[in-house]
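An overview of the molecular structure
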Amino acid sequence: MDWLEKNLQENFDLPPKHPSEEALRRWRSAVSFVKNRRRRFRMVADLDTRSQNEARRRSVQENFRNFRVALYVHQAAFNFIDGAKNKEYRVTQDISNAGFSINPDELASITSKHDVKALRMHGGVDGISKKIRSTFEHGISASDLETRQNIYGVNRYAEKPSRSFWMFVWDALQDMTLIILMVCALISAVVGLASEGFPKGMYDGLGIILSILLVVMVTAISDYRQSLQFKELDNEKKKISIHVTRDGSRQKISIYDLAVGDIVHLSIGDQVPADGFYIHGYSLLIDESSLSGESDPVYISQDKPFLLAGTKVQDGSAKMMVTAVGMRTEWGRLMSTLSEGGEDETPLQVKLNGVATIIGKIGLVFATLTFVVLMVRFLIEKGLTVGLSKWYSADALTIVNYFATAVTIIVVAVPEGLPLAVTLSLAFAMKKLMHDRALVRHLSACETMGSAGTICTDKTGTLTTNHMVVDRIWISEVSKSVTSDNSLEDLNSVISPTTLGLFLQGIFENTSAEVVKEKDSAQTVLGTPTERAILEFGLKLQGSHDAEDRTCTKVKVEPFNSDKKKMAVLVSLPNGTYRWFSKGASEIVVQMCDMMVDADGNSVPLSEAQRKNVLDTINAFASDALRTLCLAYKEVDDFVDDSDSPTGGFTLISIFGIKDPLRPGVKDAVKACMSAGIIVRMVTGDNINTAKAIAKECGILTDDGIAIEGPDFRSKSPEEMRDLIPKIRVMARSLPLDKHTLVTNLRGMFHEVVAVTGDGTNDAPALHEADIGLAMGIAGTEVAKESADVIVLDDNFTTIINVARWGRAVYINIQKFVQFQLTVNIVALVINFVSACITVLLSQRCSCCGLI
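Residues numbered from 1 in each chain as written. Predicted model: local features only at pLDDT ≥ 70, side-chain atom pairs only at ≥ 80, totals over all residues. Heavy atoms only, no water.

1. Notes on the overall build of the protein
A tally of regular secondary structure across the protein gives 32 helices and 26 strands. In the protein, which comprises 852 residues, the share counted as buried stands at 50%. Across the protein, the fraction of contacts at a sequence separation of at least 24, relative to all contacts at a separation of at least 6, is 69%. Accessible surface computed for the protein: about 38,800 Å², of which carbon and sulfur atoms make up 55%. (Helix = DSSP H or I, 4+ residues; strand = E, 2+ residues; numbered from the N terminus. Buried < 20%, exposed > 50% of the residue type's maximum accessible area, 1.4 Å probe, protein only. Contact = heavy atoms within 4.5 Å. Areas by Shrake-Rupley, 256 points an atom, 1.4 Å probe, with all protein chains shown as cover.)

2. Some words on the packing of helix α21 (residues 497-509) against helix α22 (residues 529-542)
Between α21 and α22, the least distance of the axes is 9 Å, while the angle of their chain directions is 145°. Every pair of crossing elements has a handedness; the one defined by α21 and α22 is left-handed. The segment α21 lies against α22, with Leu-500, Phe-503, Leu-504, Ile-507 and Phe-508 engaging Ile-534, Leu-535, Phe-537, Gly-538, Leu-539, Leu-541 and Gln-542. Per-class residue counts for the contact of α21 with α22 are 10 nonpolar, 2 polar and no charged. (Axes fitted to C-alpha atoms, helices over the stretch in contact; angles between N-to-C directions. Left-handed = near helix turned anticlockwise from the far one by under 90°. Nonpolar A, V, L, I, M, F, W, Y, C, P; charged D, E, K, R; others polar.)

3. Things to note about the sheet that holds strand β23 (residues 728-732)
Strand order in the open sheet formed by 8 strands is β8-β26-β25-β24-β9-β21-β23-β22, with mixed pairing between adjacent strands. Two strands lie at the open edges of the sheet, namely β8 (438-440) and β22 (706-709), each paired on one side alone. Between one strand axis and the next, the sheet turns by 20° as a mean value, whatever way the strands run. As paired strands, β22 and β23 are joined by 4 bridges and run parallel to one another. Looking at the pairing, Ile-708 lines up with Met-731 of β23. With respect to the sheet, helix α29 (residues 736-748) is in contact with β9 (454-457), β21 (679-683), β23 and β24 (754-758), its orientation differing from that of β24 by roughly 170°. (Pairing = 2+ DSSP bridges.)

4. Some words on the pairing of strand β7 (residues 312-324)
Burial runs high along β7: 10 of the 13 residues are buried. In terms of strand pairing, strand β3 (residues 263-266) meets β7 through 4 bridges, oriented antiparallel. From the neighbouring strand, His-265 faces β7, where its bridge partner is Lys-319. Sheet topology places strand β4 (residues 275-287) next to β7; 10 bridges connect them, and they run antiparallel. Each residue of the ladder has a partner; that of Tyr-278, found in β7, is Met-320.

5. A short note on α22
Given a rise of 1.5 Å per residue, 14 residues ought to cover 20 Å, and the 20 Å separating the end C-alpha atoms of α22 matches this to within 8%. With 10 of 14 residues buried, α22 lies mostly within the body of the structure. (Expected span 1.5 Å × (residues − 1).)

6. A word on the UniProt feature "transmembrane region" (unreviewed entry) in the protein
Feature annotation in UniProt assigns "transmembrane region" (unreviewed entry) to the following positions: residues 176-195, 201-221, 358-380, 400-429 and 822-842. Secondary structure content for residues 201-221 is 90% helix and 0% strand, and the end C-alpha separation is 32 Å. Across residues 358-380, the secondary structure splits into 100% helix and 0% strand, with the terminal C-alpha atoms separated by 33 Å. (UniProt positions renumbered as here; feature names shortened; annotations may be inferred.)

7. Overview of the packing of helix α20 (residues 485-494) against α22
Put simply, α20 and α22 touch, their axes get as near as 10 Å, and they point 70° apart. Relative to α22, α20 is oriented roughly perpendicular. Residues Leu-488, Leu-491 and Asn-492 of α20 form the contact with α22, whose own contacting residues are Phe-537, Lys-540 and Leu-541. Across the contact of α20 with α22, the residue classes tally to 4 nonpolar, 1 polar and 1 charged. (Parallel < 35°, antiparallel > 145°, perpendicular 65-115°, else oblique.)

8. Looking at the environment of Ala-318
Position of Ala-318 among the secondary structure elements: in strand β7. Each C-alpha atom of the pair Ala-318 and Ser-267 lies 6.6 Å from the other, and the pair is 51 residues apart in sequence. If we ignore the near neighbours within four places in the chain, the residues touching Ala-318 are Val-264, His-265, Leu-266, Tyr-278, His-280, Gly-281 and Leu-284.

9. Describing the side chain of Arg-733
Relative to the helices and strands, Arg-733 resides in the loop between β23 and α29. Reaching out from Arg-733, the side chain makes a polar contact with the side chain of Glu-587 at a distance of 2.7 Å. (Polar contact = N/O pair within 3.5 Å; in protein donor to acceptor, adjacent residues only side chain to side chain.)

10. Side note on a nonpolar patch on the surface
On the surface, a cluster of nonpolar side chains totalling about 340 Å² of accessible area is made up of Leu-206, Ile-209, Leu-210 and Leu-213. Judged by relative accessible area, which is 46%, Leu-213 ranks as partly exposed. (Patch = residues over 30% accessible without salt bridge, like charges linked within 9 Å, V, L, I, M, F, W, Y side chains within 5 Å. Salt bridge = Lys/Arg side-chain N within 4 Å of Asp/Glu carboxyl O.)

11. Some thoughts on the pairing of strand β19 (residues 627-636)
Buried residues dominate β19, accounting for 7 of its 10 residues. In terms of strand pairing, strand β16 (residues 578-585) meets β19 through 8 bridges, oriented antiparallel. Residue pairing for β19: Phe-581 is matched across the bridge by Tyr-633. Both β19 and strand β20 (residues 650-659) contribute to a ladder of 7 bridges, which runs antiparallel. Along β20, the bridge assignment pairs Thr-628 with Gly-657.

12. Focus: the confidence of the model for the protein
Averaged over every residue, the pLDDT of the protein is 79; the share at 70 or more is 83%. Every residue in residues 544-549 is under pLDDT 50, and counting partners more than four places away or in other chains gives 10 contacts. A low-confidence stretch, residues 844-852 stays under pLDDT 50, and its non-local contacts, those more than four residues away or across chains, total 13 contacts. (pLDDT = per-residue confidence, 0-100.)

So, in structure tokens, the structure goes:
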């Protein structure tokens with residue numbers, strides 16, 4: 001079978017992820033013998049359509065880019081042209097009766113064309129909000145949601161209509177061999193009626209027709225059920241939730257429920273869900289490459305407030321007011337010009353198509369031999385009896401039956417249902433995993449996960465519960481456990497009111513979390529797990545966020561950045577000065593500090609002995625599996641708008657020790673991975689002591705494994721990495737680039753099949769590079785989810801293990817099924833050929849000479 005394997009390797013070898021168009025076209029051209037090309041290639045990428053879509057997309061992006069450049073360079077000229085060609089938008093009676101005073105098309109046009117003049121004419125963003133009956137603080141009212149959607153549209157894009165069952169029946173009938181059989185059946189029926197009369201002459205032809213109908217119906221039903229499964233899965237993929245302010249409270253809604261006037265909250269990694277106007281925010285950078293093709297981010301401010309659907313938040317955070325949804329957005333118009341090009345096929349599907357092709361060719365040889373043997377026998381018998389010059393209708397019927405027998409051998413020989421059976425198996429696995437809280441976005445992930453040898457996992461939220469609490473705190477050289485109300489009272493008693501006020505101000509001002517009111521008037525803290533833990537601790541310490549006496553105003557915000565590992569905020573004080581608050585990774589913030597706050601709230605120099613005490617405290621917290629963060633401040637008299645936060649001269653306020661306990665079942669899941677030969681590696685941005693403590697607790701860090709920090713890993717040469725990487729079990733204080741490098745080397749140097757988990761925007765390169773990218777469904781950004789193959793809906797490591805377990809089971813079962821199917825097909829070929837030979841040998845002897 002070496003020739004079979006060689007043929008498959010040359011023509012049907014496909015990379016497990018991101019195959020080139022050349023590789024995809026190569027195996028298509030190799031499939032020269034197929035029963036039904038339309039069915040064989042139905043569930044794979046339509047490369048011609050994909051190329052046309054890409055060309056059309058580039059054309060749209062080029063037009064969009066040219067328009068934007070011309071708009072900014074020749075704004076005055078465009079205003080003149082727009083004024084000359086301005087379309088008259090009329091507010092109809094329906095719009096007026098609903099209480100709105102701007103036409104939907106005009107509102108959409110202002111955003112898509114970046115029409116500053118029209119925006120000012122309507123009174124700016126404030127004026128637009130009044131005309132669509134929305135306020136920045138309360139949003140819209142849910143009671144008039146249906147009215148809004150009737151007038152301004154729903155946030156859905158036009159989709160291709162689903163195919164009916166009869167369309168699948170028609171596809172099944174396109175099979176060339178079935179068409180040949182139908183012709184044979186028709187000829188057989190006509191000749192039979194002429195020679196044997198009705199109804200006996202119909203039996204052979206009718207039998208073939210019934211067999212064809214049975215094959216067609218089974219095929220069509222299988223294909224139709226498969227299409228329904230994929231449609232259901234596709235609908236799950238499109239379920240995106242966003243945070244909006246509606247009825248005065250912050251709510252989480254489906255992107256499809258979004259309406260014009262909604263106030264949407266955007267943060268790093270989010271995809272802008274609709275066209276709209278920027279209201280306010282901090283350092284908002286938007287990646288418009290999906291629309292314009294340009295990689296440079298666009299800075300959004302109140303001077304340039306236009307946000308377009310389909311773009312992504314690269315940095316910062318903001319609130320936006322929706323002005324256009326669905327097909328009225330630029331993204332909707334772009335999508336309407338494109339059609340789906342199909343999903344890339346999996347390597348196993350390609351290889352099975354290759355096997356089906358090779359077996360089909362073997363079947364063609366056997367069918368030809370069978371037909372030749374039967375015809376030789378028939379011609380010899382006829383020549384010896386009545387001669388070859390005399391032909392009857394019965395002879396024609398006999399030849400037709402021989403031909404039908406040969407074609408039937410081809411039908412039996414080509415295992416066309418094999419790739420379809422595999423696709424159905426993978427689709428079933430996808431559906432099963434969806435019920436187990438894992439959404440598989442690509443079929444190949446089910447197949448590839450079965451052969452994964454390494455899982456590079458995050459710690460926070462994946463191995464742990466993702467609900468952090470402040471467990472211990474260090475402030476004014478006092479270290480306290482703060483897990484109970486009594487400990488909070490003790491903390492209040494050992495620090496001065498001045499220190500407490502400065503401490504709370506740092507917590508409440510320098511945070512990305514937010515206290516929101518739910519529909520039942522209850523207060524909830526929204527934000528990342530770490531930010532929520534600190535803000536909840538501050539609320540407990542003071543009593544209520546609303547009770548805080550706001551004597552300062554935020555001037556500038558620097559959101560948390562995974563490269564800098566800190567966030568900062570500048571606030572103005574009543575005395576006219578300014579104060580920077582910085583919070584972030586302990587070793588980063590401590591390096592920035594040369595002062596500390598004492599028990600009386602005064603700033604005192606941070607001596608070497610005190611610095612050593614601070615570092616020992618950080619290490620002690622980390623050794624107890626606590627995540628450490630430091631809070632510091634710096635007084636300044638003035639600031640520059642474009643400058644970053646200072647990198648030195650800070651005063652250390654406190655150290656937080658935050659706890660995130662292991663998820664139930666993680667230890668057993670890691671143990672199951674180890675026993676199955678899958679190596680689990682933890683890649684985290686936490687302190688190395690914290691990472692080692694958690695890794696030992698869940699069984700990842702074993703005696704033969706090592707823990708390393710990101711900076712040390714980056715400094716290694718390729719030769720050193722070759723020796724080091726197999727031993728790495730924990731990588732702490734790592735950057736996203738470190739995870740990407742680790743994944744690349746595992747796949748390149750060691751040819752490992754690598755699965756990677758990630759949740760941040762910066763994790764997208766590693767998720768894209770890995771054989772299986774697993775994004776977190778709760779903490780993950782939309783950019784991370786878009787780059788992943790599987791979305792873990794509950795952020796749980798045990799779910800990841802379920803994906804691996806199901807993938808392996810599916811892969812093993814498919815291999816067994818393939819072996820069985822090929823054996824059946826080859827045996828059927830041999831039996832058919834032998835039976836044809838036996839038919840010749842055992843036929844009755846000639847009455848003239850006794851020859852066979």
